[in-house]
Amino acid sequence: MSFSGTKTEKLAGWNRPPLIDTDGEGELLEVAMGPHHPSTHGVFRMDVVLDGERVIKLKPVFGYLHRNHEQLAQGQSYLASMPYTDRLDYFCSLSNNWAYGLAVEKLVGQPVPERAEYLRVILAELTRVQNHASTIGFLLQEMGASGTPLMYAFREREKILDLFESLTGSRMMCNYMRFGGCRVDASPAWLDATRKVVAGLPAFVDEFERFLMTNEILMARCQGIGVLRPDLAVNAGISGPMLRGSGVNYDIRKVDHYGIYDRFKFRVPLGDHGDIYDRYMVRMLEMRESISILNQALKDVPGGPVMDPKAKIRNFRPKAGEGYGRIEAPKGELGFYLISDGGPNPYRYRVRPPSLINLTVLEDMCLGSNVADVVLIFGSVDIVLGEVDR
Amino acid sequence: MLGDGILKGLAETARNFAGSFVSKERMTTVEYPEERLPLPEASRNFPFLVYDGTDWEKGLRCVACQICEKECPPKCIYIEKSKDKKPDYVGKPQIYPAKFDIDISVCMSCQICVEVCPFEAIKMDTQFELATDDRFGGLLLDRKQLARSNEYYHEIHPTEATEVDARLAGEKAKAEAKAKGAAEAAAAKAAGAPPAGSAATPAAAKPAVPVDPKAAPATKDAEVAKAPVTATAPTAAKPVPGTGTDGAAPMTPEDKKAAETPARPSEGEPKA
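Given the structure is predicted, the values throughout are model-derived calculations rather than measurements.

About the cut-offs
- Residues numbered from 1 in each chain as written.
- Chains lettered and ligands numbered in written order.
- Predicted model: local features only at pLDDT ≥ 70, side-chain atom pairs only at ≥ 80, totals over all residues.
- Heavy atoms only, no water.
- Helix = DSSP H or I, 4+ residues; strand = E, 2+ residues; numbered from the N terminus.
- Buried < 20%, exposed > 50% of the residue type's maximum accessible area, 1.4 Å probe, protein only.
- Contact = heavy atoms within 4.5 Å.
- Areas by Shrake-Rupley, 256 points an atom, 1.4 Å probe, with all protein chains shown as cover.
- Lys, Arg positive; Asp, Glu negative; His and termini not counted.
- Charge placed at Lys NZ, Arg CZ, Asp CG, Glu CD.
- Phe/Tyr/Trp six-rings, centres within 6.5 Å; stacked < 30°, edge-to-face > 60°.
- Lys NZ or Arg CZ within 6 Å of the ring centre and 35° of its normal.
- Disulfide = S-S within 2.5 Å.
- Core = buried A, V, L, I, M, F, W, Y, C linked by side-chain atoms within 4.5 Å.
- Pairing = 2+ DSSP bridges.
- pLDDT = per-residue confidence, 0-100.
- Axes fitted to C-alpha atoms, helices over the stretch in contact; angles between N-to-C directions.
- Parallel < 35°, antiparallel > 145°, perpendicular 65-115°, else oblique.
- Left-handed = near helix turned anticlockwise from the far one by under 90°.
- Polar contact = N/O pair within 3.5 Å; in protein donor to acceptor, adjacent residues only side chain to side chain.

**Concerning the overall build of chain B**
- Per the secondary structure count, chain B includes twelve helices and six strands.
- In chain B, buried positions account for 43% of the 272 residues.
- If you take every contact in chain B between residues at least 6 apart in sequence, the share linking residues at least 24 apart comes to 73%.
- For chain B, the accessible area works out to roughly 14,700 Å², and carbon and sulfur atoms hold 61% of it.

Structural data, given as structure tokens:
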């Protein structure tokens, strides 16, 4: 914590312009929330200027977890970037795998076998369920419901992670998809286990809804707080549950029909007010829609190979060109943009991370609210720092 | 009524609390390390090198082609090729890794080395209790520390290992059909000089010494020459080389070793 004005500059030891110019007033307080604040989901800092309890300015500061992801990928083969994409949004490594795989498949025009497409949908929707469950758990934890809702969410997540582990070998760093399919085939036993877990998910969502949805404290803390107007959301390029919470009907599964999503029937939940409660509810309802997609997909998983036999793993040199693959990741639009110059490694590799772009409107949502609400608003954005900083 | 929602939520908590004492599947606590959950077969954690038979150094399947070194995303593998050759599982002379180091403080267990290996030589382990207080040497594993027997591989990944064995057996049968005449000639020669087959024993007795690539041919000669004098007694328990050359039997490790042994003297003899 540091006071604004000349003191700040001395304390910081470098020529940082103060966020506000309050010569001699001494009433405004500049607080650095983070990077070690437990509510910041990792290492993220918000430089907040406070007038009493009210936020009048907020500057997000990130980069603490920067790992040079894009530059690393440009110096390596296409295959070698696949395990690194697990580490972008480490909650949803399978979605990341799919987005990157899709970008490379678009770059080279690689077809994907039917069975692999089904497996991808199943895994991506399982990822969405566990991500939303734990996001809501974290949000409630930050609201003061210490532990219990988060543990309920993690109990469910645990079952899904066990499925991931028995299929891909790893709980979080799955590294499962390849250009032109998936790495290993799912056994019938695995599909049965998945059906069993999916059959138990609606009960979990019901329980979670009964648990806190009508809780008066939760409603008082969430409703009307952190409102994101739809026009601002569209102009800022917000995507995912954040955008749909503001009432904009935009889901890439519906818009792009990537993979085989046009075969499944599902609805896109939309919010009315764009506040924290709407984002919370959109995630809740999306879990239900994901479960319905899972049920449809698990009903008829076709046989056949999971990998296109013509697909190349080693000595992969795509023709010069470019490709942009995007998917509806649990957090929003996740895109990978690749330019190939015909060499073994991409000439340009760019990630469009939903977390980073959803974070850009943080100040607009927080202005005028209390410090305690900043934590909630930030929690409702649902970011993972691995993806923000890359 | 105000407070309705809170009460409803508390009822849910109470149900969960009570359920955690009654329902069997809710009692999920496992008292590690006394109690352990079985790992799923697919689970992976750091690679190891597979060897056939009982001698890790002779049986290593790795032929130092360096593909894994090239493809490894974080570049945690370091391989030095040998100057001389040793026979692989089909009896074809191949170079072997004089040095094979994996820095597991860098390795991220991504399995790409396993995917790209054309010789089924590197596989994923399931060992995860690798904490050490020596953060420099302790996390840099050399080829001796990395070597695990095929039986161990069968133990941790049974389905996968059986597939691999079947594939290798097929390749071996093909290679054997091709080089049967040559192998028989070598076996006949080897039968004339049985102690030469025990060259494996001195190497097994001091496996910790890494093979210096420059000195390798010289030491090998010395070992082969010494073998009849120093190591005749221990070999008594071993299968006599030259008896197990027929490739029709299923691929038990003993068979593999026996199939390899006749080729070894044929390699050693011109030098000795």
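**Details of the overall build of chain A**
- The secondary structure content of chain A amounts to 16 helices and nine strands.
- Projecting the C-alpha coordinates of chain A onto the three principal axes gives extents of approximately 75 × 50 × 35 Å.
- Relative to its full complement of 390 residues, chain A shows a buried share of 61%.
- Contacts in chain A between residues at least 24 apart in sequence constitute 71% of all its contacts with a sequence separation of at least 6.
- Split by element, the accessible area of chain A, about 14,900 Å² in all, is 54% carbon and sulfur.
- Side-chain charges of chain A comprise 45 positive and 48 negative groups, with the mean position of each set lying 7 Å from the other.

**Notes on the packing of aromatic side chains**
Residues and elements named next belong to chain A.
- Inspection of the entire model under this criterion finds 24 aromatic pairs over all chains.
- One aromatic cluster is present, built from ring pairs that chain together Tyr78, Tyr100, Phe179, Phe316, Phe336 and Tyr349.
- Its end group placed over the ring of Phe266, Lys254 keeps NZ or CZ at 4.2 Å from the ring centre.

**Side note on the environment of Gly274 of chain A**
Residues and elements named next belong to chain A.
- As for its position among the elements, Gly274 is in the loop between helix 11 (252-255) and helix 12 (276-299).
- Residue classification places Gly274 among the buried residues on the basis of a relative accessible area of 0%.
- Spatially, the C-alpha atom of Gly274 lies 18 Å from that of Pro330, the residues being 56 residues apart in sequence.
- Sequence-distant contacts of Gly274, that is, excluding residues within four places in its chain, are made with Gly226, Val227, Leu228, Gly245, Ser246 and Arg279.

**Regarding the state of the cysteines**
All names here are of chain A.
- All chains considered together, the criterion is met by zero disulfides over all chains.
- The cysteine Cys174 is free of any disulfide, with Cys92 supplying the nearest cysteine sulfur at 10 Å.
- Owing to a relative accessible area of 0%, Cys174 belongs among the buried residues under this scheme.
- Note on Cys182: no disulfide assigned, nearest cysteine sulfur contributed by Cys174 at a separation of 11 Å.
- For Cys182, a relative accessible area of 0% puts it in the buried group.

**Description of the nonpolar core**
- Core analysis: the largest hydrophobic core is formed by 110 residues, its most contacted members being Tyr280 and Leu362 of chain A.
- By residue number, the principal contributor to this core is helix 5 (residues 114-143) of chain A, which donates 14 residues.
- Excluding its chain neighbours within four sequence positions, the residues that come into contact with Tyr280 of chain A are Ile136, Leu139, Leu140, Leu212, Met213 and Leu218 of chain A.
- Formed by 26 residues, the second largest nonpolar core is a distinct cluster that contains Phe46, Ala64, Cys72 and Ile122 of chain B.

**Describing the pairing of strand 3 (residues 45-51) of chain A**
All names here are of chain A.
- Of all the seven residues making up strand 3, six are buried; the element is thus mostly covered by neighbouring parts of the structure.
- Examined bridge by bridge, strand 2 (residues 28-33) and strand 3 share six bridges and lie antiparallel to one another. Residue pairing across strands places Met33 opposite Met46, the latter belonging to strand 3.
- By the bridge criterion, seven bridges tie strand 3 to strand 4 (residues 54-61) in an arrangement that is antiparallel.

**Description of the confidence of the model for chain B**
Residues and elements named next belong to chain B.
- Confidence in the prediction of chain B, expressed as mean pLDDT, is 70, and 65% of residues score 70 or more.
- Scored below 50 in pLDDT, residues 195-272 makes 84 contacts in the model with residues more than four places away or belonging to other chains.
- Across the interfaces of the predicted complex, the ipTM metric reaches 0.75, alongside a pTM of 0.76.

**Observations concerning the packing of helix 7 (residues 188-212) of chain A against helix 1 (residues 4-22) of chain B**
- Interaxial distance between helix 7 of chain A and helix 1 of chain B falls to 6 Å at its minimum, and their mutual angle equals 130 degrees. One way to sum up the angle between helix 7 of chain A and helix 1 of chain B is to call them oblique. Here helix 7 of chain A contributes Glu207, Arg210 and Phe211 of chain A to the contact with helix 1 of chain B, which in turn contributes Lys8, Gly9, Glu12, Thr13, Arg15 and Asn16 of chain B.

**Notes on the packing of helix 6 (residues 148-168) of chain A against helix 1 of chain B**
- In the contact formed by helix 6 of chain A and helix 1 of chain B, the axes pass within 12 Å of each other and the chain directions differ by 55 degrees. With respect to their mutual orientation, helix 6 of chain A and helix 1 of chain B come out oblique. Two packed elements cross with a definite hand, and for helix 6 of chain A against helix 1 of chain B that hand is left-handed. Each of Thr148, Tyr152 and Arg155 of chain A in helix 6 of chain A lies in contact with helix 1 of chain B, whose residues at this interface are Glu12, Thr13 and Asn16 of chain B.

**Thoughts on unusual backbone geometry**
- With an omega of 0 degrees, the peptide bond between Tyr32 of chain B and Pro33 of chain B qualifies as cis.
- Residue position: Pro33 of chain B is located in the loop between helix 1 and strand 1 (47-51).
- Positive phi outside glycine occurs at Asn68 of chain A, with the angle close to 65 degrees.
- A positive phi angle, close to 55 degrees, is found at Ser109 of chain B, a residue other than glycine.
- By relative accessible area, which is 11% here, Ser109 of chain B ends up buried.

**Let's talk about the sheet that holds strand 4 (residues 122-124) of chain B**
Residue and element names in this part refer to chain B.
- Within the open sheet, the three strands sit side by side as 4-1-6. Their pairing is mixed. The open sheet is flanked by strand 4 and strand 6 (147-149), the only strands paired with a single partner. Ignoring which end each strand starts from, the neighbouring axes of this sheet average 50 degrees apart.
- Pairing between strand 1 and strand 6: three bridges, direction parallel. Opposite Val50, over in strand 6, you have Arg148 as the bridge partner.

**Quick notes on the side chain of Asp251 of chain A**
All names here are of chain A.
- Topologically, Asp251 is positioned in the loop between helix 10 (241-245) and helix 11.
- When its relative accessible area of 2% is taken as the criterion, Asp251 is described as buried.
- Within polar-contact distance, the side chain of Asp251 engages the side chain of Arg253 at 2.8 Å.
- If we ignore the near neighbours within four places in the chain, the residues touching Asp251 are Arg244, Phe266, Val268 and Glu328.

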